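# Fold and geometry: a report
Chain by chain, the residues run as shown.
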Amino acid sequence: MITAAQLRAARALLGLDQRALAGLCGLSLPTIQRMEASDGVIRGNVDSLMKLVGALDAAGVDLIGEGVMSDGGGRGVRLKAPRVTGE
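Let us look at the structure shown here. Quick caveat: nothing in here was measured; it's all calculated off a predicted structure. (Residues numbered from 1 in each chain as written. Predicted model: local features only at pLDDT ≥ 70, side-chain atom pairs only at ≥ 80, totals over all residues. Heavy atoms only, no water.)

### Notes on the overall build of the protein chain
Helices and strands together make up the secondary structure of the protein chain, namely four helices and two strands. For the protein chain, the succession of helices and strands along the chain, N to C, is α-α-α-α-β-β. Taken over 87 residues, the protein chain has a buried fraction of 33%. The contacts of the protein chain with a sequence gap of at least 6 include a subset with a gap of at least 24, amounting to 53%. Counting only carbon and sulfur atoms, one obtains 53% of the accessible surface of the protein chain, whose full area is about 5,400 Å². (Helix = DSSP H or I, 4+ residues; strand = E, 2+ residues; numbered from the N terminus. Buried < 20%, exposed > 50% of the residue type's maximum accessible area, 1.4 Å probe, protein only. Contact = heavy atoms within 4.5 Å. Areas by Shrake-Rupley, 256 points an atom, 1.4 Å probe, with all protein chains shown as cover.)

In structure tokens, the structure reads:
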């Protein structure tokens, strides 16, 4: 679903520290710290993972899963194109 490296990269792209991300997704700071310290794919409570992924998505981050087509292959993150409003 999401790796610890993707989580750290997504947080960096958004310019958030761990505390701000915890507040954004409604999780505790220790939960975010534990997720980022994981090795490989983050394991945990499904509800917590869904909150995290949902918050990153709402903040404008696309998570690129293993096997999804991308120029370089492999997992990654990217910022979504900004939505144009009023047109």
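### Topic: the packing of helix H2 (residues 18-25) against helix H3 (residues 29-37)
It is the contact of H2 with H3, at a shortest axis distance of 8 Å, that shows an interaxial angle of 110°. Here H2 lies roughly perpendicular to H3, going by the angle between them. For the pair H2 and H3, the crossing hand works out as right-handed. Between H2, through Gln 18, Arg 19, Leu 21, Ala 22 and Cys 25, and H3, the contact on the second element is made entirely by Leu 29, Ile 32, Gln 33 and Glu 36. Its residues assigned to classes, the contact of H2 with H3 comprises five nonpolar, two polar and two charged. (Axes fitted to C-alpha atoms, helices over the stretch in contact; angles between N-to-C directions. Parallel < 35°, antiparallel > 145°, perpendicular 65-115°, else oblique. Left-handed = near helix turned anticlockwise from the far one by under 90°. Nonpolar A, V, L, I, M, F, W, Y, C, P; charged D, E, K, R; others polar.)

### As for the pattern of salt bridges
Going through the model one piece at a time under the given rule, you end up with two salt bridges. With a closest N to O distance of 2.6 Å, Glu 36 and Arg 11 form a salt bridge. With a gap of 25 residues between them, Glu 36 in helix H3 and Arg 11 in helix H1 (residues 4-14) connect regions that are remote in the sequence. For Glu 36, a relative accessible area of 7% translates into the label buried. Residues Asp 47 and Lys 51 are paired through a salt bridge, measuring 3.7 Å at the closest nitrogen-oxygen approach. Of this pair, Asp 47 and Lys 51 both sit in helix H4 (residues 46-59), separated by four residues, roughly a single helical turn. For Asp 47, a relative accessible area of 46% translates into the label partly exposed. (Salt bridge = Lys/Arg side-chain N within 4 Å of Asp/Glu carboxyl O.)

### Things to note about H1
Restricting attention to buried positions, one finds in H1 the residues Ala 4, Gln 6, Leu 7, Ala 10 and Arg 11. When H1 is viewed along its axis, its buried side chains cluster within an angular range of 160° and face the same direction. Taken together, the buried residues of H1 touch H2, H3, H4, strand E1 (61-64) and strand E2 (76-79). Two residues or fewer after H1 comes Gly 15, characterised by a positive phi angle close to 70°. (Arc of directions from axis to C-beta.)

None of the figures reported here should be taken as evidence of function without further support.
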